[in-house]
There are 2 protein chains.
Amino acid sequence: MREREEENIIIPESHPRAKSLKYRELLVHGYNEGVVATAGLIAHGRGEAFDYLLGEKTHDFAREAMEAAVALFLVSKHPVFSVNGNVAALVAKEYVELAKKVNAKLEVNLFYRTKRRERAIERVLLAAGAGEVLGVDEKYRAELPEIEHLRRYVDKRGILIADTVFVPLEDGDRTMALRKMGKNVVTIDLNPLSRTAQWANITIVDNIVRAVPGMIRIVEKMRNKPKEELLEILKNYDNNDILRRAFEKIKENIEEWASKGLIIEEVKKYPKFNLKFL
Amino acid sequence: MREREEENIIIPESHPRAKSLKYRELLVHGYNEGVVATAGLIAHGRGEAFDYLLGEKTHDFAREAMEAAVALFLVSKHPVFSVNGNVAALVAKEYVELAKKVNAKLEVNLFYRTKRRERAIERVLLAAGAGEVLGVDEKYRAELPEIEHLRRYVDKRGILIADTVFVPLEDGDRTMALRKMGKNVVTIDLNPLSRTAQWANITIVDNIVRAVPGMIRIVEKMRNKPKEELLEILKNYDNNDILRRAFEKIKENIEEWASKGLIIEEVKKYPKFNLKFL
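Residues numbered from 1 in each chain as written. Chains lettered and ligands numbered in written order. Predicted model: local features only at pLDDT ≥ 70, side-chain atom pairs only at ≥ 80, totals over all residues. Heavy atoms only, no water.

Caption draft 1: Local environment of the interface of chain B and chain A. Opposite the 80 residues of chain B that make contact, chain A presents 81 residues. Carbon and sulfur atoms supply 63% of the area buried between chain B and chain A, which totals about 7600 Å² over both sides. At the junction of chain B and chain A, the tally comes to four salt bridges. One salt bridge connects B:Lys180 with A:Glu266, and the closest N-O pair in it is separated by 3.2 Å. At the boundary of chain B and chain A, one finds 26 residue pairs in polar contact (both at pLDDT 80 or more). No other element matches helix α3 (residues 38-53) of chain B, which puts twelve residues into the side of chain B that touches chain A. Taken together, the residues that form the side of chain B that touches chain A break down as 38 nonpolar, 16 polar and 26 charged. (Contact = heavy atoms within 4.5 Å. Buried area = accessible area lost by both parts, 1.4 Å probe. Salt bridge = Lys/Arg side-chain N within 4 Å of Asp/Glu carboxyl O. Polar contact = N/O pair within 3.5 Å; in protein donor to acceptor, adjacent residues only side chain to side chain. Helix = DSSP H or I, 4+ residues; strand = E, 2+ residues; numbered from the N terminus. Nonpolar A, V, L, I, M, F, W, Y, C, P; charged D, E, K, R; others polar.)

Caption draft 2: Focus on the pairing of strand β7 (residues 184-188) of chain A. Residues and elements named next belong to chain A. With five of five residues buried, β7 lies mostly within the body of the structure. Residue alternation in β7 divides its side chains into two sets, Asn184, Val186 and Ile188 and Val185 and Thr187, and both sets are buried. Note: strand β6 (residues 164-166) against β7, three bridges, orientation parallel. Bridge pairing links Thr164 to Asn184 in β7. (Buried < 20%, exposed > 50% of the residue type's maximum accessible area, 1.4 Å probe, protein only. Pairing = 2+ DSSP bridges.)

Caption draft 3: Broad picture of the sheet that holds strand β3 (residues 133-134) of chain B. Residues and elements named next belong to chain B. One open sheet holds the six strands; their spatial order is β3-β2-β1-β6-β7-β8, and the pairing between them is parallel. With one partner strand each, in any of the chains shown, β3 and β8 (202-204) form the two edges of the open sheet. With three bridges connecting them, strand β7 (residues 184-188) and β8 associate as parallel partners. Each bridged residue has a counterpart across the sheet, and for Thr187 the counterpart in β8 is Thr203.

Caption draft 4: Seen up close, the sheet that holds strand β2 (residues 105-108) of chain A. All names here are of chain A. Here we have six strands laid out as an open sheet, ordered β3-β2-β1-β6-β7-β8, and parallel in their pairing. Strands with a single pairing partner mark the edges of an open sheet, and in this sheet they are β3 (133-134) and β8 (202-204). Across the sheet, helix α5 (residues 85-101) lies against β1 (79-83), β2 and β6, angled at about 160° from β1, the strand it touches most. (Axes fitted to C-alpha atoms, helices over the stretch in contact; angles between N-to-C directions.)

Shown next as structure tokens:
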């Protein structure tokens, strides 16, 4: 009810944050469909802040990480793409397409795991063209070590035996556990400070709505390259450097704002205070 | 249902983000009570990101803005404190206390206005000790110029005739409209880039859960000062400089991270990739 009202508010194209508000609408829609968790809405807000600091565009460090990620998926024997509520709400179609192109399995993998949300996400993936969706059938349930209760479950046919896992918008504890298990971990995370960004082997610091379509284009260019060339890309890849450059870009943007303070010039036209009433 | 489950997850004191997760719980609770809007959850996430960049503490530029804000409230003839869902969920008790101490009226003032949420917030304020709550009775409804539909309503006894309005966690369009009307606008906003932070006369760049209790302590120290001294504080106050210093602090923190890239040392112990499977 209250959600419905909010969804009916039309966002004018002229709004300074029109694109960002469109993605937000997708997320609120996903929330109302039972796909997105409450915490997923808050996490999205954190992402919005970092996307703003990055100028809301894909930078060279993200593109490099995307290329390394695609190379890694293509050389992996058993890549698995993890899906949570926010991923399903924002890029289900493109994510399923990318998984198909690199022969990866799809696995529903939730931080706040409920049967209802698992099923809702499975429906979204099937509607987006997925063949098989792992992580929903309890018969194949296995557990990650060192992770508490509901968050530790994975699929025996999926993440448990994967050599490479793609965990965009993931929780830090789980990313760390996967890395420590010896998996190759690829993530998309707008916050280079997050434990997920820090623990992944490859961190794409970008908005998932830009990164996944970008990766589809990269697969097209890379799929026929010899394995040696793909391995060369991985050999030259340095995630530490990628994270450093992401921080550097944010710093550059802030430096410009810090030199001004008041960025909106028009504000200066108004008196500092209106104390006429005294 | 799904919200209930999430609320039952216990956050260990040892968690690196325990405090931030406690505030998040307050917000999710407010959401389940119909006090907080869906967009309020996302906005909270943006705030979390900026609070993290600020080191999750109150800096000197915030303290200076808090002092100027208290001075302004004390010299104002008709100060009004605006309340939205997030304010009510996070600091209802302290906010009501501060309003009483500076003789300000309280007015419910929602971006996503519904009768149900207005009433829910009114209940929270009354339970927190508020005497009168404006903004709920349609009989006293007036309109702000240049603001679309539901967002433009204010109370004839409150914001419409106020000389000074306190609009923490406010929307940019409304802050701008209030400033252009000649009101003195005070806000709390963790994001120095936001249009609210930019358009306010006084911008407290801090977390509301730290700022409002801090302001209560400042009133105690200031309430007996002569009016001349309070006006001197306002004369010397420069919001442009405050915003500049907030950006500067974020820049300093990012500089440190940018010099490292990988901040979590332990990650370096693990191999760059695990390509044994090849």
